[in-house]
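Architecture at a glance
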2 protein chains.
Amino acid sequence: MTATTGGPPGGVYAAALMPLAGDLSPDPKALIRHYRWLLANGCDGLAVLGTTGEANSFSVEERLGVIDAVAAAGLPMDRMIIGTGCCAIPDSVRLSRRALESGAGGVLVLPPFYYKKVSADGLFAAYRAIIEGVASPKLRLYIYHFPLMTGLDISLDLIERLIRAFPSTVVGIKDSSGNWPNMEAMCRRFPGFQVFAGTERYLLAALRAGGVGCISATTNVTAPLAAQVYANWHRAQADSIQERLSAVRAIFEGYPAIAALKRVLARHSGDSGWLNIRPPLSALGEEEARELYAKLDAAAFTLAKAA
Amino acid sequence: MTATTGGPPGGVYAAALMPLAGDLSPDPKALIRHYRWLLANGCDGLAVLGTTGEANSFSVEERLGVIDAVAAAGLPMDRMIIGTGCCAIPDSVRLSRRALESGAGGVLVLPPFYYKKVSADGLFAAYRAIIEGVASPKLRLYIYHFPLMTGLDISLDLIERLIRAFPSTVVGIKDSSGNWPNMEAMCRRFPGFQVFAGTERYLLAALRAGGVGCISATTNVTAPLAAQVYANWHRAQADSIQERLSAVRAIFEGYPAIAALKRVLARHSGDSGWLNIRPPLSALGEEEARELYAKLDAAAFTLAKAA
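These lines cover the structure that appears in this document, whether it is placed above or below. (Residues numbered from 1 in each chain as written. Chains lettered and ligands numbered in written order. Predicted model: local features only at pLDDT ≥ 70, side-chain atom pairs only at ≥ 80, totals over all residues. Heavy atoms only, no water.)

Rotating chain B by 180 degrees and translating it 0.0 Å along the rotation axis places it on chain A, where the RMSD comes to 0.0 Å. A rotation of that kind, with that shift, is consistent with a two-fold axis. The residues that chain B uses at the interface reappear at the interface of chain A in 100% of cases, marking a shared surface. (Least-squares fit on C-alpha atoms with pLDDT ≥ 70 in both. Contact = heavy atoms within 4.5 Å.)

One finds Val70(A), Ile143(A), Ile159(A), Val70(B), Ile143(B) and Ile159(B) to be the most contacted residues of the largest nonpolar core, which totals 239 residues. Beyond its immediate sequence surroundings of up to four residues, Ile143(A) is in contact with Leu108(A), Val109(A), Tyr127(A), Ile154(A), Ile159(A), Leu162(A), Val170(A), Gly172(A), Ile173(A), Lys174(A) and Phe193(A). (Core = buried A, V, L, I, M, F, W, Y, C linked by side-chain atoms within 4.5 Å. Buried < 20%, exposed > 50% of the residue type's maximum accessible area, 1.4 Å probe, protein only.)

Turning next to empty space enclosed by the protein. Tallied over the full model, the rule gives 7 cavities of 30 Å³ or more. One number sums up the size of the largest cavity: a volume of about 170 Å³. Looking at the largest cavity, it is lined by 18 residues, and the ones nearest its centre are Arg63(A), Cys87(A), Asp91(A), Arg63(B) and Asp91(B). Taken together, the elements giving at least two residues each to the lining of the largest cavity come down to α2 (60–72) of chain A together with α2 (60–72) of chain B. For the lining of the largest cavity, the class distribution of residues is 11 nonpolar, 3 polar and 4 charged. In this structure, the second largest cavity occupies an estimated 70 Å³ of space. Lining of the second largest cavity is provided by 13 residues; of these, Leu49(B), Ala55(B), Asn56(B), Gly85(B) and Leu110(B) occupy positions nearest its centre. Classifying every residue of the lining of the second largest cavity by side-chain character gives 6 nonpolar, 6 polar and 1 charged. (1 Å grid on protein atoms, 1.4 Å probe; cavity = no way out; pocket = protein on both sides within 12 Å on 5 of 7 lines; lining within 4 Å. Points joined across faces, edges and corners; volume = space filled by probe spheres on them. Helix = DSSP H or I, 4+ residues; strand = E, 2+ residues; numbered from the N terminus. Nonpolar A, V, L, I, M, F, W, Y, C, P; charged D, E, K, R; others polar.)

All names here are of chain A. Read once around its circumference, the closed barrel built from 8 strands follows the order β1-β2-β3-β4-β5-β6-β7-β8, with strand pairing classed as parallel. This sheet shows a mean twist of 25 degrees between the axes of neighbouring strands, independent of strand direction. Examined bridge by bridge, strand β5 (residues 141–145) and strand β6 (residues 170–175) share 5 bridges and lie parallel to one another. Within β6, the residue paired with tyrosine 142 across the bridge is glycine 172. Strands β4 (106–109), β5 and β6 of the sheet are contacted by helix α4 (residues 120–134), whose axis makes an angle of about 150 degrees with β5. (Pairing = 2+ DSSP bridges. Axes fitted to C-alpha atoms, helices over the stretch in contact; angles between N-to-C directions.)

All names here are of chain B. Side chains of strand β3 (residues 80–83) alternate between two faces, with Met80 and Ile82 and Ile81 and Gly83 buried alike. Two elements, strand β2 (residues 45–48) and β3, share 3 bridges in a ladder whose sense is parallel. By the bridge assignment, valine 48 is partnered in β3 with isoleucine 82. The parallel pair β2 and β3 is bridged by α2, and the resulting crossover is right-handed. Where β3 and strand β4 (residues 106–109) come together, 3 bridges link them in parallel fashion. Bridge pairing in β4 links glycine 83 to leucine 108. In terms of handedness, the path from β3 via helix α3 (residues 89–101) over to β4 forms a crossover that is right-handed. (Right-handed = clockwise from strand over helix to strand, strands pointing away.)

All names here are of chain B. The parallel closed barrel is built from 8 strands, whose spatial order is β1-β2-β3-β4-β5-β6-β7-β8. On average, each strand axis in the sheet is tilted by 25 degrees relative to the strand beside it, whichever way the strands run. Sitting on the sheet, helix α4 (residues 120–134) is in contact with β4, β5 (141–145) and β6 (170–175), with an inclination near 150 degrees to β5.

Attention now moves to the pattern of salt bridges. One pass over the full model with this rule turns up 34 salt bridges over all chains. Measuring nitrogen to oxygen at the nearest pair gives 2.7 Å for the salt bridge that ties Asp68(A) to Arg98(A). Of this pair, Asp68(A) sits in helix α2 while Arg98(A) is found in helix α3 (residues 89–101), placing the two residues 30 residues apart along the sequence. For Asp68(A), a relative accessible area of 35% gives the class partly exposed. In this structure, the salt-bridge partner of Glu101(B) is Arg98(B), at a minimum N-O distance of 3.9 Å. With a gap of 3 residues between them, Glu101(B) and Arg98(B) both fall in helix α3, about one helical turn apart. Judged by its relative accessible area of 61%, Glu101(B) falls in the exposed class. Taking the relative accessible area as the measure of exposure, Arg98(B) reaches 27% and is therefore partly exposed. One network of salt bridges, in which partners are shared, links Asp157(A), Glu160(A), Arg164(A) and Arg189(A). (Salt bridge = Lys/Arg side-chain N within 4 Å of Asp/Glu carboxyl O.)

Everything listed here is a matter of geometry and, on its own, says nothing about what the molecule does.
Structure representation (structure tokens):
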């Protein structure tokens, strides 16, 4: 089946990290600086308030404040996809409405994720309640499929049911399952539906299968390389760039991703504020950090200059 | 090590179901009626806004409203333990403060549960942030251990660390792991620490090992039987009552617990409002309901009269 699109453009998206102040509240100034740096260095767009942005560690009010700060900064909102999926449907509705008002290109919506062994009917009803709660023809909703965090599987049949019921609203997915055959099946089965790989490891494969890009944690640092893959995906040379990209990404696999990425940005920027992280997450230890730096240095990996 | 107690008394607690209005918002009138019925029929106390109460499907504002409604109804607040654990620490703090103000005997606190593979240090930091955020010597906190829902394990060592750091605050646990050896180890290792079995299946065993009672979903209907176990636990006849209790409870194991319990209460009360359930949960289907009723009838199980 063919889905109707109309959300933000495809490409390389970072699931943007969230810089925190000393009291572990979001630091809007540092956040805007980071967003601009990402957009100037390989990112076509940003996933705001996603898993990597520690979104679920913040109250709805804190998240509304972040959306407002991003909108007020004059960033290209049409290339922002804002995470709005909470355990409680009224919270998802409230955040999605604010995202729409901010001019965001789309919203990235986790299913309510506290309960497990939930039926496909229950998940469908949850998404329907969110969509009907927002009640706007302008809503562009991206399903956020992240079974490792949610414990919930969003099947191809459920995706099809959602696209059929809300063809102009349910326009895409971020598939963070890490399951390539499933991602490929989505690309093939739903032409026009915007499939973003949840990792840049599958960026080239997804583009070749009909996907539109990637939204990934590690593109907070690998975006310039990922952008080269994106620009060249229909050319033979893309394979070697993807290989290099995957090798850098793999270095992070041995570490808790958010803590490791924040540590690398702290080193890069000299701003120790990047070490702030809200519990239950913890900062990377000194020894792990040194080991990670050594691996990145050995791979001759460097970050783009700060803006 | 010995913990300092001072929370609500032990005994049989229901993780009370949440009756909903037609628009799927909490129905305070029906809720108070259900709470009174439970307290009149075997419950020593209630867990308000726990997993069975669909708490995480409600916004913080909706939950604050429920706490206020319970407090305003003149129920014995010292025998109420209120669920306040959210993904975001500020939300857990806000709800815990309101619970304290309401006079609740204690709060039942899930760790922030979105992120997985979180370190024990991270979980400790999260509980510390909640306790320091509430900042009241009156706080009595029960750890809510439910790895099937949270994907997080709270180890005995972490419990010991929390008791040592906050001996007059961290006074007990609801262990919904279903792992009896772990529950028994808690009872033995932390004398004075109030261990509530998360299922009445282990009520007698927990009491004999030094636990203080149970907080369970199915005690919404089995409380009178559970109360007989509690009253007789030091007598030989307790074993046969526990056997009967476990047999009734086992009937529910083949069904989604919350939907099945709501269905049984709808049948019992004649109030179809009990069928309302908020997505992602779904009501029990007709066929499953008939099968469940038949099993309960075959076991000659009946509920106490409505108040």
